[in-house]
Amino acid sequence: MLLRIQKQNNKALLCIVILFVTVITTDTVYMGTNLNVLFQKIPQILLAGITVFLLLFSCLIGKTFRAERLAFLLVLNLCIVTTAVCFVDFRTGYLFKCILVTFSFFVTQLFDLKTFAQIFNKVIVFLAAVSLFCFVAEAVNHNVFSFAPRIYNSVGYGFRNLFLYVQSDEGFALRNYGIYREPGVYQMFLIVALIFELYCFERPNLKRMVVYITTLLTTLSSTGLIALGIWGLLAYVKRNTISKKVKVGMIFLGGLIFILVISLFPSICIELAEKVFGKFSLENESFLARWGSIVLNLKMWLEHPVFGVGMTNAGSLYEQESVQVFGTLIRDNTNTLLVQFAVHGTIFGLLWLSGFIKGARALGKTQMERCFIFLIVGILSIGENVTFSPFGNVLMMYGLMYFNSNGTVGNEENPDE
C-alpha cells in the first residue's frame with residue numbers, strides 16, 4: 001500500500017515536472033521572451049521552488065545517490081561558480097544556471113526515462129494537435145484570431161495569444177510557433193518526441209508520429225527538416241521497429257504524396273522551398289547566425305579554454321568577433337553545445353558533450369543508430385540556444401548521469417522500480 005502511494009506521488013510530481021519542461025518554461029513566448037520582464041521571472045522563481053521541493057521529496061523517501069553522480073553535479077556547479085568568480089561577474093544568470101543543473105539532476109535520479117518520455121509525449125502530442133488545428137485555421141484566414149489579446153516579445157514583435165498557441169503578426173511568414181519563442185525551438189521538442197517514440201515505447205504509436213511530423217513540417221524550420229530526414233533514416237535502420245513490408249509501403253506512399261503535392265501545387269512548393277532552403281547561404285541572416293555560432297564560439301573557447309569568457313563578456317565579445325571575422329554584426333548565438341565551451345571553459349563543455357554522447361550510446365543498439373542520434377542532437381544544438389532551458393538541461397543530464405555504464409536505459413535506484 002505504501003509503495004502504491006509512493007508511486008502515485010511520483011507520477012503526480014513527474015506531471016508537474018513535465019509542465020515545467022514543456023509549458024511553464026523559458027522556451028515559450030509567454031515566459032521566455034515576453035516583453036514584460038515579470039513574466040520572464042516567473043519560471044525562474046517557480047523552478048527554484050520545485051528544485052527545493054525535489055530535494056525535500058528525495059529526503060522524504062530516503063533516496064540515495066551514487067557518489068560519482070553527485071561528483072558530476074558538484075563539478076558542473078563549481079564550473080559555473082568559478083567562471084563567475086574569475087570574472088567578478090555576479091549576475092543572476094549564474095544562479096539560475098546552477099538551479100537548472102540541480103533541478104535536472106533530481107529529475108534524472110527520481111524518474112525513469114521511459115515514464116518521463118511517456119508523459120512528455122502525451123503533453124507534446126496535445127500541444128502539437130492544438131497548434132496544427134490553429135495553424136490550418138490561420139492559413140485559411142489570417143485574421144481568424146484577431147479577437148485574441150496581443151503580447152510582444154523582447155524585441156517588439158507581436159503575437160496573438162491563444163495560450164496554447166501563438167500567432168505571429170502579419171509581417172511574419174506563416175509558420176507554426178506552437179507556444180514557443182521560435183519555430184526552431186518548437187521543432188526540437190517534436191524531434192525529441194519522435195526519438196522517444198522509437199526508444200522509450202514498446203511499440204511506436206503511428207498516429208502520434210504522424211501528428212509530430214505534420215506539425216514539424218508546418219514550422220518550416222531548416223534544422224528541423226534536416227533532423228527529421230535523419231530521424232527517418234534512424235527509424236528505417238532501427239531493428240524491430242517497423243516491419244520491412246511497412247517500411248517499403250511508407251517509402252512508396254511518401255514518394256507518391258511528394259510527387260502529387262509538387263504536381264498539384266507547384267508555385268506553393270517553389271515558394272516554400274525558397275523560404276526553407278534559401279537559408280543555406282552566407283547572405284542569409286539565419287544561416288550566417290548558425291555558421292557564426294560555430295566559428296565564433298570555437299574562437300572564444302580556444303582563446304579562453306580554462307574558464308571561458310563568462311556570461312556578461314560572451315555577448316559583447318561575440319559581437320566584436322563577428323565583425324572581425326565576418327565583417328558584419330551577429331547578435332544571435334544559436335549553438336547550445338559550443339556556447340558551454342565558450343562561456344564556462346573546457347571542463348563544463350566536455351561534460352555537456354559527454355551527456356549527448358552517452359545518451360546516444362545508451363539509446364542506440366547499433367553503431368549506426370548511435371551515430372544518427374548524435375547527429376540529430378548536433379543539428380538541434382546548432383539551430384537554437386537552449387542553455388537556460390529546463391528541456392535542454394534535463395536531456396543533457398539524462399545522458400550524463402542517468403544511463404548505466406553498460407549502455408542500457410534504466411536506473412537501478414529508481415523508487416518506481
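Residues numbered from 1 in each chain as written. Predicted model: local features only at pLDDT ≥ 70, side-chain atom pairs only at ≥ 80, totals over all residues. Heavy atoms only, no water.

**Q** When you look at the overall build of the chain in this model, what are you seeing that I'm missing?
**A** The secondary structure content of the chain amounts to 16 helices and three strands. Residues counted as buried form 49% of the 417 residues belonging to the chain. Across the chain, the fraction of contacts at a sequence separation of at least 24, relative to all contacts at a separation of at least 6, is 74%. Total accessible area on the chain is roughly 19,800 Å²; 68% of this is exposed by carbon and sulfur atoms. (Helix = DSSP H or I, 4+ residues; strand = E, 2+ residues; numbered from the N terminus. Buried < 20%, exposed > 50% of the residue type's maximum accessible area, 1.4 Å probe, protein only. Contact = heavy atoms within 4.5 Å. Areas by Shrake-Rupley, 256 points an atom, 1.4 Å probe, with all protein chains shown as cover.)

**Q** Explain a nonpolar patch on the surface here, please?
**A** Among the surface-exposed residues, Val81, Val85, Val88 and Phe90 lie close enough to one another that they form a single nonpolar patch of about 410 Å² accessible area. Here Phe90 is to be found in the loop between α3 (67-86) and α4 (92-110). Since its relative accessible area comes to 61%, Phe90 is described here as exposed. (Patch = residues over 30% accessible without salt bridge, like charges linked within 9 Å, V, L, I, M, F, W, Y side chains within 5 Å. Salt bridge = Lys/Arg side-chain N within 4 Å of Asp/Glu carboxyl O.)

**Q** Even after reading the chapter, I still don't get the environment of Gly349, so can you show me in this structure?
**A** The topology assignment puts Gly349 in helix α14 (residues 346-363). Here Gly349 falls in the buried class, since its relative accessible area comes to 0%. The sequence separation of Gly349 and Trp301 amounts to 48 residues, and the corresponding C-alpha distance is 9.6 Å. Apart from residues no more than four positions distant in its own chain, Gly349 is found in contact with Leu337, Gln340 and Phe341.

**Q** Sorry, what's going on with the nonpolar core here?
**A** Grouped together as the largest cluster of nonpolar side chains are 104 residues, with contacts concentrated most on Leu54, Phe120 and Trp231. Among the elements that line this core, the one with the most residues is helix α6 (residues 183-199), at 13 residues. Aside from chain neighbours lying at most four places away, what touches Trp231 is Leu194, Ile195, Leu198, Met209, Ile213 and Ile376. Judged by nonpolar contacts, the second largest core, of five residues, contains Cys134, Phe135, Ala137 and Tyr165. (Core = buried A, V, L, I, M, F, W, Y, C linked by side-chain atoms within 4.5 Å.)

**Q** Just checking my understanding: could you explain the packing of α14 against helix α15 (residues 367-383) for this structure?
**A** In helix packing, the relevant descriptors are the interaxial angle and the interaxial distance, both defined with respect to the helix axes. Running from amino to carboxyl end, α14 crosses α15 at an angle of 145°, the nearest separation of the two axes being 8 Å. You can see that α14 and α15 cross each other, and the crossing is right-handed. Contacts from Leu353, Phe356, Ile357, Ala360, Arg361 and Leu363 of α14 reach α15 at Arg370, Ile373, Phe374 and Val377. When the residues that make up the contact of α14 with α15 are grouped by side-chain class, the tally is eight nonpolar, no polar and two charged. (Axes fitted to C-alpha atoms, helices over the stretch in contact; angles between N-to-C directions. Left-handed = near helix turned anticlockwise from the far one by under 90°. Nonpolar A, V, L, I, M, F, W, Y, C, P; charged D, E, K, R; others polar.)

**Q** Can you walk me through the sheet that holds strand β2 (residues 158-161) in this structure?
**A** Either a parallel or an antiparallel arrangement is found when strands of a sheet pair, and the pairing is made through backbone hydrogen bonds. Reading across from one edge, β1-β2-β3 is the order of the three strands in this open sheet, with antiparallel pairing throughout. The two strands at the open ends of the sheet, each matched to only one other strand, are β1 (150-152) and β3 (166-168). Ignoring which end each strand starts from, the neighbouring axes of this sheet average 35° apart. Sheet topology note: the β1/β2 ladder contains three bridges and is antiparallel. Residue pairing across strands places Tyr152 opposite Gly158, the latter belonging to β2. (Pairing = 2+ DSSP bridges.)

**Q** Where do I start with helix α11 (residues 285-303) in this structure?
**A** Every α-helix winds through 3.6 residues per turn, so residues three or four apart in the chain are directed the same way. The end-to-end C-alpha distance of α11 is 26 Å, a good match for the 27 Å that 19 residues give at a rise of 1.5 Å each. Where α11 bends most, the angle comes to about 30°, and this point is Gly292. Every buried residue of α11 is accounted for by Leu288, Ala289, Arg290, Gly292, Ser293, Leu296, Asn297 and Met300. Among the structural elements, α8 (222-237), α12 (311-326), α13 (336-344) and α15 are those in contact with the buried residues of α11. (Expected span 1.5 Å × (residues − 1). Bend = angle between axes of the 7 residues up to and from the residue.)

**Q** Help me understand the packing of aromatic side chains, please; the structure alone is not making it clear to me.
**A** Geometry of an aromatic ring pair is reported as the spacing of the ring centres plus the angle between the planes. Throughout the structure, instances matching the rule amount to 18 aromatic pairs. Seen from their ring centres, Phe189 and Phe391 are 3.9 Å apart, and the 20° between their planes marks the pair as stacked. Taken together, the positions of Phe189 in helix α6 and Phe391 in helix α16 (residues 390-402) put the pair 202 residues apart, joining distant regions of the chain. For the pair Phe189 and Phe391, a shared accessibility class is recorded, and that class is buried. (Phe/Tyr/Trp six-rings, centres within 6.5 Å; stacked < 30°, edge-to-face > 60°.)

**Q** Explanation requested: the confidence of the model for the chain in the structure shown.
**A** The predicted coordinates should not be examined in detail at positions where pLDDT is low. In this model, the chain carries a mean pLDDT of 85, and residues with pLDDT of at least 70 account for 82%. Per-residue pLDDT stays below 50 along residues 1-8; that stretch engages in four contacts with residues further than four places along the chain or on separate chains. This stretch, residues 412-417, has a pLDDT under 50; its non-local contacts, to residues over four places away or in other chains, come to 22 contacts. (pLDDT = per-residue confidence, 0-100.)

**Q** Help me understand the pattern of salt bridges in this model?
**A** If charged atoms from side chains of opposite charge come close, those side chains can pair. This structure, assessed with the given rule, holds eight salt bridges. We note a salt bridge from Glu68 to Arg66, for which the minimum N-O separation is 2.3 Å. For Glu68, a relative accessible area of 37% gives the class partly exposed. We classify Arg66 as partly exposed; its relative accessible area is 32%. Between Arg290 and Glu384 there is a salt bridge, with the nearest N and O atoms lying 3.5 Å from each other. Pair noted here: Arg290 is in helix α11 and Glu384 is in the loop between α15 and α16, with a separation of 94 residues, a long-range link. The two residues Arg290 and Glu384 agree in class, both being buried. Shared partners join several salt bridges into a network, and the residues in it are Arg181, Arg290 and Glu384.

**Q** How should unusual backbone geometry be read in this particular structure?
**A** For residues other than glycine, phi is negative in most cases, and the peptide bonds are mostly trans. At Val88, a position not held by glycine, the phi torsion is positive, near 45°. With respect to the helices and strands, the residue Val88 is situated in the loop between α3 and α4. Of note in the backbone geometry, Phe163 takes a positive phi value of approximately 70° without being a glycine. Of note, Phe163 is situated in the loop between β2 and β3. For Phe163, a relative accessible area of 57% corresponds to the exposed category.

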